[in-house]
Amino acid sequence: MRTEVLTVDADDSVRDAVGLMLDREAGSVVVETDGNPAGILTKVDVLAAGHEHDRPLSEIPVYAAATHPLITVEPSATVRAAAARMFDHGVHHLPLADGLDLVGVVTATDLLEAQDDLLAEARTDDERREEWED
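Residues numbered from 1 in each chain as written. Predicted model: local features only at pLDDT ≥ 70, side-chain atom pairs only at ≥ 80, totals over all residues. Heavy atoms only, no water.

**Student:** Looking at this model, I keep getting lost on the nonpolar core. Mind explaining?
**Tutor:** Soluble globular proteins tend to pack their nonpolar side chains together in the buried interior. Core analysis: the largest hydrophobic core is formed by 17 residues, its most contacted members being Val 8, Val 14, Ala 17, Val 29, Val 31, Leu 41 and Val 62. Elements with a minimum of two residues in this core: helix H1 (14-23), strand S2 (28-33), helix H2 (43-53) and helix H3 (62-65). Core analysis: the next-biggest nonpolar cluster, separate from the first, contains nine residues, Val 73, Val 91, Leu 96 and Val 106 among them. (Core = buried A, V, L, I, M, F, W, Y, C linked by side-chain atoms within 4.5 Å. Buried < 20%, exposed > 50% of the residue type's maximum accessible area, 1.4 Å probe, protein only. Helix = DSSP H or I, 4+ residues; strand = E, 2+ residues; numbered from the N terminus.)

**Student:** Explain the sheet that holds strand S3 (residues 36-42) to me, please; I cannot follow it from the model alone.
**Tutor:** Strand pairing in a sheet is mediated by backbone hydrogen bonds. Such pairs are either parallel or antiparallel. Judged by pairing direction, the sheet is mixed, and its three strands sit side by side in the order S1-S2-S3 without closing on themselves. Either end of the sheet is taken by a strand with one partner, and the two such strands are strand S1 (7-9) and S3. The average angle at which neighbouring strand axes cross in this sheet is 40 degrees, direction not considered. Relative to S3, S2 is paired through six bridges, and the arrangement is antiparallel. Bridge assignment links Val 29 to a residue of S3, and that residue is Leu 41. The sheet contacts of H1 involve S1, S2 and S3, and relative to S2 the element is tilted by about 135 degrees. (Pairing = 2+ DSSP bridges. Axes fitted to C-alpha atoms, helices over the stretch in contact; angles between N-to-C directions. Contact = heavy atoms within 4.5 Å.)

**Student:** How should I be thinking about the pairing of S2 in this particular structure?
**Tutor:** A regular strand places its side chains so that they alternate between the two faces of the sheet. Here S1 pairs with S2 via three bridges, running parallel. Looking at the pairing, Thr 7 lines up with Val 30 of S2. As a crossover connection, the stretch from S1 through H1 into S2 is right-handed. Linking S2 to S3, which pair antiparallel, is a turn of two residues; within it Asp 34 sits at a positive phi near 55 degrees. (Right-handed = clockwise from strand over helix to strand, strands pointing away.)

**Student:** Is there a simple way to explain unusual backbone geometry in this structure?
**Tutor:** A negative phi angle is the norm for most residues apart from glycine, just as the trans form is the norm for most peptide bonds. The linkage connecting His 68 with the following residue, Pro 69, adopts the cis geometry, with an omega of 5 degrees. Tracing the chain through its elements places Pro 69 in the loop between H3 and helix H4 (79-89). With phi around 55 degrees, Asp 34 is a residue other than glycine that occupies positive phi space. With respect to the secondary-structure elements, Asp 34 resides in the loop between S2 and S3. With relative accessibility at 72%, the residue Asp 34 sits in the exposed group. Phi is positive for Asp 54, close to 50 degrees, though the residue is something other than glycine. With respect to the helices, strands and loops of the structure, Asp 54 is situated in the loop between H2 and H3.

Written out as C-alpha cells, the structure is:
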C-alpha cells in the first residue's frame, strides 16, 4: 500500500499528470475538483486517452481521461473487503478514504503480495461460519 496519495487538478494536462507519476514511480494519481477527490487517472487511462483522443497528452485535460466517480474503501476495511470492492468495480487502484481525507492507495499488486492475509481471512471466516452452524 502506498501512503502518499498523489493528486492533480482536473484541469491539469495528462502529460503533467504522467510526469508526476513517473517522478514518484506511481501507477495512478487522484484527480481533484475544487480540492475534493473526484476521480483517478491510471496508466491504463493514459493509454486509452492517447488512443481515443489522438492528440498529444499535453492537450488532453485530466478530467477527460480519468475514471470517475472515485471508488474508495475505508482504511479499516479488511484485505478481503478491499479485494472484493476492486473486483466488483473493475478497478486496480483503490484509494483509502477517511471521509474526504485520502490516506493511501491499495493496488492489485498489493493484493497479490497480501495473498497469505487473504487466505487467513478466508479460513477465519470459514471457522466462524462452522461455529455458528454448530
